[in-house]
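Below, each chain spelled out in residue letters.
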Amino acid sequence: MGFVKRIFLFLILNILIVVTASAVAGILMQFFGIKGDLIFYAIFYALIGFGGAFLSLALSRSFAKKFMGVKVIDPLTKNPQEKELLDMVYQLATQARLPKKPEVGIYEKPEINAFATGPSKSRSLVAVSRGLLNNMSKNEIEGVLGHEIAHIANGDMVTMTLLQGLINTMVLIAARLIARIIVSQQRSRSFWMEYLIFMGLQIAFSLLGFIVLCYFSRKREYKADKGGAKLAGSENMILALKALQRNMNLQSPVPSNQKSYSYLQISTPPKKRNWFSTHPPLEDRIAKLERYY
């Protein structure tokens, strides 16, 4: 179910911010003749790495709305379906002791999907697709919403942001060190040669970092399933996951040029599961809940 830690809309935004910031910083340092040792670069790259991650976090809610076309429901709505959805989310948020009720939205697509995002427990968004509302029962929807509220209550977005910041920093430092070692072995040392090697290594290491993030994302999904079971009831949570299995064919695949948004899917299609999967297999999630309860 939509993962919002959640890394993970924010992943592509984070990579763009960090790569751009490090590129601009490198050029400016060369222009002004600024030199730095390992400690300098460690501090400098930590600021860029964590800064990029937290900037992505701050923008995650507005980016999710724009990308998914989410229309936020007016809390005073008279629409019966919208009011029922609001009541369910608010009740679950109260049970989870969230400091502030999340924004609740709907986006007009036939896919079966839901996600939660936002920079904090006080500034969160829970959104569902029209397809989910039209193809799931009230109990199944409550299970889905319980899972998403659990993500917010668990602080998954901040957790994944801290991990992303750490990975960003390690990627930048490792890329700089290796680039410097490679260039030091050459007869003619060039800033631009080192810079190009550094940028290439940074992009390559970022992909490895994404694999690590996806691993932790899958682990957090299991925890959110248990949290959803406590909030919405284990039966509703299991019913929701089984409904996802039945309706898997209604889940829209992520376009090839938008793979970084895959964590905003409610689950990963079976044929797409790999190291870059942000969600565990549905059958494994169901089996774990059935054993636990």
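Please refer to the structure higher up on the page.
Small disclaimer: the values here were computed from a predicted structure and weren't measured.

Caption draft 1: Highlighting the overall build of the chain. Scanning the chain from N- to C-terminus turns up 9 helices and 4 strands. Reading the helices (α) and strands (β) of the chain from amino to carboxyl end gives α-α-β-α-β-β-β-α-α-α-α-α-α. Within the chain, the proportion of its 293 residues that are buried is 52%.

Caption draft 2: Region of the structure containing the sheet that holds strand E3 (residues 114–120). If you trace the 4 strands from one edge of the open sheet to the other, you get E1-E2-E4-E3, paired in mixed fashion. Of all the strands in the sheet, the pair left with one neighbour each is strand E1 (71–72) and E3. Where strand E2 (residues 103–107) meets strand E4 (residues 123–129), 5 bridges bridge the pair, whose relative direction is parallel. Its bridge partner being in E4, Tyr107 is matched across the sheet by Ser129. With respect to the sheet, helix H5 (residues 138–153) is in contact with E3 and E4, its orientation differing from that of E4 by roughly 155 degrees.

Caption draft 3: Highlighting helix H9 (residues 282–292). Restricting attention to buried positions, one finds in H9 the residues Leu282, Arg285, Ile286 and Leu289. On an axial view of H9, the arc spanned by its buried residues comes to 95 degrees, and they lie on one face. On its buried face, H9 sits against H5, helix H7 (191–232) and helix H8 (234–246).

Caption draft 4: Local environment of the pairing of E3. Within E3, 6 of the 7 residues are buried, which leaves it mostly tucked inside the rest of the structure. Strand direction decides the pairing type here: E3 and E4, joined by 5 bridges, are antiparallel. Its bridge partner lying in E4, Ala116 is registered against Val126. Hairpin connection from E3 to E4: 2 residues lie between these consecutive antiparallel strands.

Definitions and cut-offs
- Residues numbered from 1 in each chain as written.
- Predicted model: local features only at pLDDT ≥ 70, side-chain atom pairs only at ≥ 80, totals over all residues.
- Heavy atoms only, no water.
- Helix = DSSP H or I, 4+ residues; strand = E, 2+ residues; numbered from the N terminus.
- Buried < 20%, exposed > 50% of the residue type's maximum accessible area, 1.4 Å probe, protein only.
- Pairing = 2+ DSSP bridges.
- Contact = heavy atoms within 4.5 Å.
- Axes fitted to C-alpha atoms, helices over the stretch in contact; angles between N-to-C directions.
- Arc of directions from axis to C-beta.

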